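# Summary of structural features
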Amino acid sequence: MKDTYLSLVNGPLKQVAKTLGLPQPVELNRFGSTPASYENKPVLVLGTGPGAQGLADQLLENGLEVRRNAQTGEKLRAIIAVLDDAQSPADLSPVVLEIGAALRSLAACGRVVTISTAPDPQNQTPEQAATTQGITGFTRSVAHEMRAGATANGILLDGVDLAAPSVAAALWFLLSGKSAYVSGQFLTVSSDAGQRLSLNEFMSTGDAGPLAGRTAVVTGAARGIGAAIAENLARDGACVIGVDMPQAGQALAQVMNRIGGKSLQLDITAADAPDKITEALGGSVDILIHNAGITRDKMLANMDAAKWDSVIAVNIAAQTMINARLAEKGLFADGAQVVSLASTSGIAGNRGQTNYATSKAGVIGLTAASAEDFAARGGAINAVAPGFIETDMTAKMPTLTRQVARRLSSLQQGGQPIDVAEAIAFLSSSGARGINGQTLRVCGQNMVGA
Ligand code: NAD
């Protein structure tokens with residue numbers, strides 16, 4: 001659905017919006033629409049420890065223009081702060097103040113990325129925990145202060161150092177237009193699993209893409225976010241099998257014809273769904289995206305069994321059953337990666353959505369609890385929690401509620417299905433296998449549950 005307000009304030013009403021102090025969301029730079037003039041701008045790497053210089057060298061090797069000090073009058077595409085050596089909150093001062101001084105030089109749709117040790121209160125001293133947790137509060141607050149489509153996010157090192165392959169993949173994702181609608185979030189890297197991808201490999205498409213040679217199953221692929229996921233995984237080189245209800249067969253066929261994929265008409269709640277999926281694959285699963293989902297909103301006082309049960313059945317019970325059966329039969333390939341669709345409603349709860357929020361919080365729990373099993377096969381399982389995304393599902397909202405929901409994020413606009421699809425393609429890539437059991441919000445730093 002089109003956000004008319006966004007077009008107006010970037011066109012005829014730009015000056016009016018500025019004069020009246022109205023929200024002024026900007027068109028985001030996404031993959032494929034990021035101008036070369038932006039990509040050629042330098043990245044400022046801050047930090048006093050050896051990690052900062054190592055990272056600067058790594059960026060140089062990947063063809064980026066790098067600065068260790070801000071230069072007057074020069075616009076930056078990103079500011080990266082390496083804070084993994086901070087031991088006490090007082091250690092943060094020099095670097096954070098340098099970030100502050102450089103912020104005015106950040107280009108529109110620029111990036112701030114902090115890299116720090118993951119908070120671990122069980123194993124860190126109180127002072128260290130105050131520091132590591134403090135950095136997360138800092139990063140989230142910087143994200144709230146960003147202007148003109150810029151974002152701030154963090155990479156957390158959980159028992160790994162900066163050389164872990166998934167640190168590189170997380171950095172490429174966060175620096176690129178693929179993370180346009182991700183802000184105020186953290187990617188925790190907890191193992192050295194995965195392949196080290198260069199920036200060029202990460203950004204390539206088709207046969208050279210990061211998913212080349214792998215087969216991906218996407219449920220609910222006939223429309224909306226699912227169709228965007230299928231298209232995006234195919235763009236990055238995967239062979240796609242799209243699954244959707246028989247009623248959506250025609251729409252599914254159209255999406256699959258566009259991307260050279262295969263259609264599988266199937267209700268994922270059917271007891272034989274896992275068998276049908278493996279039959280269609282003719283082998284084991286490399287990538288599985290649990291996207292199919294439904295809403296049946298009602299206040300709890302008016303909730304009936306049909307509305308409650310159907311949402312639980314599609315949104316969580318089917319995923320649990322499919323994962324368990326595939327694992328039981330040894331049908332997850334070595335290195336298999338699963339990504340499930342959660343929702344910010346599953347994090348914050350939502351009026352009129354007790355059924356939906358239960359199912360989506362369930363997805364977050366299922367993901368975290370399955371991480372160990374997937375790691376044992378050399379793979380990973382993660383979830384993505386979209387905020388307000390422009391789809392048929394959100395087009396059903398009353399007009400005023402929809403307008404308010406769009407502006408309630410730091411980026412002051414709804415996301416596009418492609419934004420969710422980019423996060424999913426990243427979490428499906430071999431470079432991201434060191435990120436496991438996590439839920440990544442794609443919500444423009446929506447205030448809901450923030
Ligand atoms: P959508 O309603 O546009 O598409 C969902 C697809 O899933 C449809 O094609 C539908 O036919 C299919 N489906 C439903 N039940 C099925 C079943 N039993 N078996 C097979 N296929 C089935 O939804 P969307 O907005 O594209 O959302 C996709 C996912 O993202 C859902 O899990 C949703 O909960 C989640 N999500 C969406 C938003 C948003 O703002 N749109 C926000 C948070 C989370």
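Residues numbered from 1 in each chain as written. Predicted model: local features only at pLDDT ≥ 70, side-chain atom pairs only at ≥ 80, totals over all residues. Heavy atoms only, no water.

So, on to the pattern of salt bridges. Scanning the model with the defined rule gives twelve salt bridges in all. Across the pair Asp-236 and Lys-178 runs a salt bridge, and its minimum N-O distance is 4.0 Å. Placement of Asp-236 in the loop between α9 (224-235) and β8 (239-244) and of Lys-178 in the loop between α7 (165-175) and β6 (186-189) is noted, with a sequence separation of 58 residues between them. Given a relative accessible area of 2%, Asp-236 falls into the buried group. The closest approach of N and O atoms between Arg-235 and Asp-236, which form a salt bridge, is 2.9 Å. For the residue pair Arg-235 and Asp-236, the accessibility class agrees, reading buried in each case. The structure contains a network of salt bridges with shared partners spanning Lys-178, Arg-235, Asp-236 and Glu-422. (Salt bridge = Lys/Arg side-chain N within 4 Å of Asp/Glu carboxyl O. Helix = DSSP H or I, 4+ residues; strand = E, 2+ residues; numbered from the N terminus. Buried < 20%, exposed > 50% of the residue type's maximum accessible area, 1.4 Å probe, protein only.)

Our focus in this paragraph is the sheet that holds strand β2 (residues 66-67). Reading across the sheet, the six strands line up as β2-β1-β3-β4-β5-β6 and stay open at both edges, with parallel pairing between neighbours. Looking at the sheet topology across the chains shown, the edges are occupied by β2 and β6. The pairing of strand β3 (residues 76-82) with strand β4 (residues 106-117) spans six bridges and is parallel. Bridge assignment links Ala-78 to a residue of β4, and that residue is Arg-111. (Pairing = 2+ DSSP bridges.)

Counting 72 residues, the largest nonpolar core has Leu-59, Ile-80, Leu-171, Leu-233 and Phe-426 as its most contacted members. When residues in this core are grouped by element, the largest group, nine residues, is from α7. The residue makeup of this core includes at least three contributed by each of domain 1 (31-189) and domain 2 (206-442). In this structure Ile-80 touches Val-43, Leu-44, Val-45, Leu-46, Leu-55, Leu-59, Val-113, Ile-115, Leu-171 and Leu-175, once residues within four positions along its chain are discounted. If you look at the next biggest cluster of nonpolar residues, it comprises 27 residues, including Leu-264, Ala-292, Val-311 and Val-314. (Core = buried A, V, L, I, M, F, W, Y, C linked by side-chain atoms within 4.5 Å. Domains from an automatic or database assignment. Contact = heavy atoms within 4.5 Å.)

What follows is about the packing of α9 against helix α10 (residues 249-259). Here α9 crosses α10 at 15 degrees, and the two axes come no closer than 10 Å. Our classification of the angle between α9 and α10 gives roughly parallel. α10 is crossed by α9, and the crossing has right-handed handedness. Contact residues: Ala-227, Ala-230, Glu-231 and Ala-234 in α9; Val-255, Met-256, Arg-258 and Ile-259 in α10. (Axes fitted to C-alpha atoms, helices over the stretch in contact; angles between N-to-C directions. Parallel < 35°, antiparallel > 145°, perpendicular 65-115°, else oblique. Left-handed = near helix turned anticlockwise from the far one by under 90°.)

Taken together, 26 residues sit near the ligand, with Arg-223, Ile-225, Asp-244, Asn-291 and Tyr-356 positioned nearest. Between the ligand and the protein, one listed contact pairs a nitrogen atom with a backbone N or O atom of Ile-268 at 3.0 Å. Separating an oxygen atom of the ligand from a side-chain N or O atom of Lys-360 is a distance of 2.9 Å. For the ligand, whose accessible area on its own is 830 Å², the fraction buried by protein is 93%. Put simply, the parts of the chain that give the shell around the ligand at least two residues each are α9, α14 (354-376) and α15 (392-395). Partitioned by chemical class, the residues of the shell around the ligand number 14 nonpolar, eight polar and four charged. (Near = heavy atom within 4 Å. Polar contact = N/O pair within 3.5 Å; in protein donor to acceptor, adjacent residues only side chain to side chain. Areas by Shrake-Rupley, 256 points an atom, 1.4 Å probe, with all protein chains shown as cover. Nonpolar A, V, L, I, M, F, W, Y, C, P; charged D, E, K, R; others polar.)

Let's shift gears to helix α4 (residues 50-61). Over its twelve residues, α4 extends 17 Å from the first C-alpha to the last, a length consistent with the 16 Å expected when each residue adds 1.5 Å. Residues Gly-51, Ala-52, Leu-55, Ala-56, Gln-58 and Leu-59 constitute the buried set of α4. Across the axial projection of α4, the buried residues extend over an arc of 160 degrees, all falling on one side. Opposite the packed face of α4, turned more than 90 degrees from it, sit the exposed residues Pro-50 and Glu-61. Turning to α4, the residues buried within the fold contact β1 (43-46), β2, β3, β4 and α7. Backbone geometry just downstream of α4 places Gly-63 in the positive-phi region, at approximately 85 degrees. (Expected span 1.5 Å × (residues − 1). Arc of directions from axis to C-beta.)

The next thing to look at is the packing of aromatic side chains. Summed over all chains, the structure comprises three aromatic pairs. Between Phe-202 and Phe-426, the ring centres sit 6.1 Å apart and the planes meet at 75 degrees, which makes this aromatic pair edge-to-face. Taken together, the residues span a long stretch of sequence, with Phe-202 in helix α8 (residues 199-203) and Phe-426 in helix α17 (residues 417-428) at a distance of 224 residues. A single burial state applies to Phe-202 and to Phe-426, both of which are buried. Ring plane angle 65 degrees and centroid distance 5.0 Å describe the contact between Phe-332 and Phe-374, whose orientation is recorded as edge-to-face. Placement of the pair is Phe-332 in strand β11 (residues 332-341) and Phe-374 in helix α14, with a sequence separation of 42 residues. In this structure Phe-332 comes out as buried when scored by relative accessible area, which is 5%. A connected cluster of aromatic rings, assembled from ring pairs, spans Phe-173, Phe-202 and Phe-426. The ring of Phe-202 has Lys-178 sitting right over it, with the charged end atom 4.3 Å from the ring centre. (Phe/Tyr/Trp six-rings, centres within 6.5 Å; stacked < 30°, edge-to-face > 60°. Lys NZ or Arg CZ within 6 Å of the ring centre and 35° of its normal.)

Splitting the chain by domain gives domain 1 (31-189) and domain 2 (206-442). Each of domain 1 and domain 2 has a C-alpha centre, and the two are 29 Å apart. Each side of the interface is counted separately: domain 1 has 20 residues, and domain 2 has 23 residues. Roughly 1800 Å² is buried in total at the junction of domain 1 and domain 2, and carbon and sulfur atoms are behind 63% of that figure. Area buried by domain 1 at its contact with domain 2 is led by Phe-173, Lys-178 and Tyr-181, which between them contribute 38% of it. Scanning the region where domain 1 abuts domain 2 turns up six residue pairs in polar contact (both at pLDDT 80 or more). Contributing elements (two or more residues each) for the side of domain 1 that touches domain 2: α6 (126-145), α7 and β6. Tallied by class, the residues present in the side of domain 1 that touches domain 2 amount to 13 nonpolar, six polar and one charged. (Buried area = accessible area lost by both parts, 1.4 Å probe.)

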